[in-house]
Amino acid sequence: MDVDLAAAVVPYVAAAVGVYGARVLERVSDAAADATAAATVGVGRRLLRRILGREASAGPVSAAVQDLAEDPTDEDRVAALRLQLRKALVSDPQLAAEVAAMLPDATTVTAAGPRSVAARDITGIVQTGDGSAAWQGRG
């Protein structure tokens, strides 16, 4: 559970680090939402603010964020952040519950574009397009 939770948190925190770099550590203390920040970055800032609010996790997570800020595309740095987040969440079940509640609903499914299909689970055949075999011969 906490491994999955840490993995779910990383994209949001990494997005915030990607936008703000090491300054993200300063910005998480800002109470006002940044109107120009994407929703993912905003969630990342809020998650990071909550995690850094715990004295036990603040140091190691902050160090991992600073490392990631040096190169947000480095998978090893992302993995190091994920490890520190996992340690923080495993050692503090209350924090894990708070963080889990802050994550956006992963069941949201969005479709965009002509004839696109949005579904969480598909149990049958889905056909789209004007020339699909199911519609041939129907007027």
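Sequence order as written defines residue numbering, which begins from 1 separately in each chain. The model is predicted, so local features are restricted to residues of pLDDT at least 70 and side-chain atom pairs to those at 80 or more, both for listing and for counting; the totals for chains, interfaces and linings are taken over all residues. Note that the side-chain values use all heavy atoms of the structure and ignore hydrogens as well as water.

The helix and strand inventory of the protein chain stands at six helices and zero strands. The way it works is that DSSP assigns letters per residue, a run of H or I at least four long becomes a helix, a run of E at least two long becomes a strand, and they are numbered from the N terminus. Listing each helix as α and each strand as β along the protein chain from the N terminus yields α-α-α-α-α-α. Note on contacts: a residue pair qualifies if any of its non-hydrogen atoms lie within 4.5 Å across the two residues. Pairs at least 24 residues apart make up 56% of the contacts formed inside the protein chain by residues separated by at least 6 positions. Carbon and sulfur atoms make up 51% of the accessible area of the protein chain, which totals about 8,500 Å². Values of accessible area rely on a 1.4 Å probe in the Shrake-Rupley scheme; residue burial ignores everything except the protein chains shown.

Turning next to helix H5 (residues 75-91). Helix span is expected to be 1.5 Å times the residue number reduced by one. Between its first and last C-alpha, H5 extends 24 Å over 17 residues, near the 24 Å set by a 1.5 Å rise per residue. Accessibility here uses a 1.4 Å probe with only protein chains present; expressed as a share of the type maximum, an area under 20% marks a residue as buried, one over 50% as exposed, and anything in between as partly exposed. For H5, the full list of buried residues reads Val78, Leu81, Gln84, Leu85, Ala88 and Leu89. Each buried residue of H5 sits inside an arc of 135 degrees when the element is viewed along its axis, so together they form one side. In H5, the exposed positions angled more than 90 degrees off the buried face are occupied by Glu75, Asp76 and Ser91. Within 3.5 Å is the distance limit for a polar contact, defined as a pair of N or O atoms, with the added protein rule that one can donate a hydrogen and the other accept it, and that residues adjacent in sequence qualify only through two side-chain atoms. Residue Asp74 occupies the N-cap position of H5, its side-chain oxygen lying 2.9 Å from the main-chain nitrogen of Asp76. This arc corresponds to the set of directions leading from the helix axis out to the C-beta atoms.

In this section: the pattern of salt bridges. When a carboxyl oxygen of Asp or Glu is within 4 Å of a side-chain nitrogen of Lys or Arg, the pair counts as a salt bridge. If you walk through the whole model with that rule in mind, you get five salt bridges. Glu98 is paired through a salt bridge with Arg54; the nearest N and O atoms lie 3.3 Å apart. Highlighted residues: Glu98 in helix H6 (residues 93-102) and Arg54 in the loop between helix H3 (39-52) and helix H4 (55-70), separated in sequence by 44 residues. For Arg54, a relative accessible area of 21% translates into the label partly exposed. Among the ionic pairs, Arg77 bridges to Asp74, the shortest N-O distance being 3.1 Å. On the accessibility criterion, Arg77 (24% relative accessible area) is partly exposed. If you follow the salt bridges from partner to partner, you end up with Arg50, Arg54, Asp92 and Glu98 in one network.

Below, the discussion takes up the packing of H5 against H6. Lines are fitted to the C-alpha atoms to define the axes, a helix being fitted only along its stretch in contact, and any angle between axes, read from their N-to-C directions, falls within 0 to 180 degrees. Closest axis-to-axis distance for the H5/H6 pair is 5 Å, and the angle between their directions is 115 degrees. Seen from H5, the contacting residues are Ala88, Leu89, Val90 and Ser91; seen from H6, they are Pro93, Leu95, Ala96 and Val99. The classification used treats Ala, Val, Leu, Ile, Met, Phe, Trp, Tyr, Cys and Pro as nonpolar, Asp, Glu, Lys and Arg as charged, and all other residues, Gly among them, as polar. Considered class by class, the residues forming the contact of H5 with H6 number seven nonpolar, one polar and no charged.

Nonpolar side chains tend toward joint burial in soluble globular proteins. Of all hydrophobic cores here, the largest spans 27 residues; its most connected members are Val9, Val61, Leu81, Leu85 and Val99. At the level of secondary structure, the elements contributing two or more residues to this core comprise helix H1 (2-20), H3, H4, H5 and H6. Residue contributions to this core peak at eight residues, all from H1. Once you skip the residues sitting within four places of it in the chain, Val99 turns out to touch Leu5, Val9, Leu47, Arg50, Ile51 and Leu89. In this description, a nonpolar core means a group of buried Ala, Val, Leu, Ile, Met, Phe, Trp, Tyr and Cys residues linked to one another through side-chain atoms lying within 4.5 Å.

Turning our attention to the confidence of the model for the protein chain. Chain-level statistics for the protein chain give a pLDDT mean of 75 and a share of 60% at 70 or above. Confidence scores per residue from the predictor, reported as pLDDT, run from 0 to 100. In the model of the protein chain, helix H2 (residues 24-27) stands out as the element of lowest mean pLDDT, 64, in contrast to H5, which has the highest, 92. Considering only residues more than four positions removed or in separate chains, one finds that residues 31-37, a stretch of pLDDT under 50, has six contacts.

Our focus in this paragraph is the packing of H4 against H5. The geometry of H4 relative to H5 is characterised by a closest axis approach of 9 Å and an angle of 165 degrees between their N-to-C directions. Classified by the interaxial angle, the pair formed by H4 and H5 is roughly antiparallel. The element H4 and its partner H5 pack so that their crossing is left-handed. Of H5, the residues touching H4 (which contributes Ser57, Pro60, Val61, Ala64, Val65, Asp67, Leu68 and Glu70) are Arg77, Val78, Ala80, Leu81, Gln84, Leu85 and Ala88. Residue classes in the contact of H4 with H5 are distributed as 10 nonpolar, two polar and three charged. With respect to orientation, any angle under 35 degrees is reported as roughly parallel, any angle over 145 as roughly antiparallel, any angle of 65 to 115 as roughly perpendicular, and every other angle as oblique. Each crossing gets its hand from how the near helix is turned against the far one by less than a right angle, where anticlockwise is left-handed and clockwise is right-handed.

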